[in-house]
Amino acid sequence: MIKGIFYCQFDNILGPKIVYQTPDGLLSPEIFDSISDYIITKPSLCDRLTCVRVGNSWIMGVPMCLAHTKYQRNALLFNMGFVLDAEDPLLPIYRDSIEQCLFKLSNYLTNFEKESEYLIKQTNNSSNITSHISQHYSSYDKGIIPGFDKARSLLVVMRELHERLNSELSASVPVDDVNAIFLQLIPTRPDLDPTLPRPYHVPVPIADLSEMF
């Protein structure tokens, strides 16, 4: 159902840029360039769900803008999103839950960045981190990068999220010694209207209540 996960950021020289994606080649440069305005948006459109249909895929994410004078242009623009199989028959019953997970994921990343500059530290050295992972962590069970205060690589975290959400519909992935990401996909029944009462919602007397008092 989830084809892959990507993390992108606004680069002050290159503009919107994919920093990490799993699996590799999830979004080609041509596809990303055609939809980048919906992935890295203007601040006025941040913190809102964006959905773009490309072929047989839905590309969904919640663009974020973290304002601070320590960043170039006084803001960090980023987005971690999902690429979904638009033809998967299970997608309609999981779509609401996927949208909730994307909002939750954006809040996690925002808090991690505020607390420890988790995003900017890693993305400034993304090529070195990716090389280190490929050389030392083929199983992705550790992913701790030397010099990053025991924080795990964002790419490793993304790979574990992708694998566990697809196989178990839930994920509990540690980020460092004290933080973790918890996500769960819960199906909904679009054919059932929750506003309609069912017979078992209201008690029905089966005897004459007046005779009981």
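Keep in mind that this is a model prediction, so the values were computed, not measured.

What counts and how
- Residues numbered from 1 in each chain as written.
- Predicted model: local features only at pLDDT ≥ 70, side-chain atom pairs only at ≥ 80, totals over all residues.
- Heavy atoms only, no water.
- Helix = DSSP H or I, 4+ residues; strand = E, 2+ residues; numbered from the N terminus.
- Buried < 20%, exposed > 50% of the residue type's maximum accessible area, 1.4 Å probe, protein only.
- Contact = heavy atoms within 4.5 Å.
- Areas by Shrake-Rupley, 256 points an atom, 1.4 Å probe, with all protein chains shown as cover.
- Phe/Tyr/Trp six-rings, centres within 6.5 Å; stacked < 30°, edge-to-face > 60°.
- Lys NZ or Arg CZ within 6 Å of the ring centre and 35° of its normal.
- Core = buried A, V, L, I, M, F, W, Y, C linked by side-chain atoms within 4.5 Å.

Next up on the list: the overall build of the chain. Secondary structure summary: the chain contains 5 helices and 8 strands in total. Sorting the 213 residues of the chain into buried and exposed places 44% on the buried side. A sequence separation of at least 24 residues applies to 55% of the contacts in the chain between residues at least 6 apart. Roughly 12200 Å² of accessible area belongs to the chain as shown, and the carbon and sulfur atoms make up 54% of that amount.

The subject of this paragraph is unusual backbone geometry. Residues Thr-22 and Pro-23 are joined by a peptide bond in cis, for which omega reads 0°. Looking at the element boundaries, Pro-23 is found in the loop between strand 2 (15–22) and helix 1 (29–39). The backbone phi angle of Leu-169 is positive, close to 65°, even though this residue is not glycine. Inspection of the secondary structure puts Leu-169 in the loop between helix 5 (154–168) and strand 7 (170–174). The exposure class of Leu-169 is partly exposed, given its relative accessible area of 27%.

This part covers the side chain of Ser-97. For Ser-97, the location among the structural elements is in helix 2 (residues 91–116). What Ser-97 contacts, discounting residues up to four positions off in sequence, is Gln-184, Leu-185 and Ile-186.

Overall, the coordinates contain 3 aromatic pairs when judged by the stated rule. With 6.0 Å between their ring centres and 80° between their planes, Phe-112 and Tyr-118 make a pair best called edge-to-face. Note on accessibility: Phe-112 and Tyr-118 belong to one class, buried. One cation-aromatic arrangement involves Arg-95 over Trp-58; the distance from NZ or CZ to the ring centre is 4.8 Å.

Nonpolar side chains in soluble globular proteins tend to be buried together. If you look at the biggest cluster of nonpolar residues, it comprises 41 residues, and the most contacted ones within it are Phe-82, Ile-98, Leu-154, Leu-161 and Ile-181. The dominant element in this core, judged by the number of residues it contributes, is helix 2, at 9 residues. If we skip the residues at most four places from it in the chain, Phe-82 touches Ile-2, Gly-4, Ile-5, Phe-6, Trp-58, Ile-59, Met-60, Ile-98, Leu-102, Leu-105 and Leu-165. Grouped together as the second largest cluster of nonpolar side chains are 14 residues, Phe-6, Leu-27, Leu-77 and Val-83 included.

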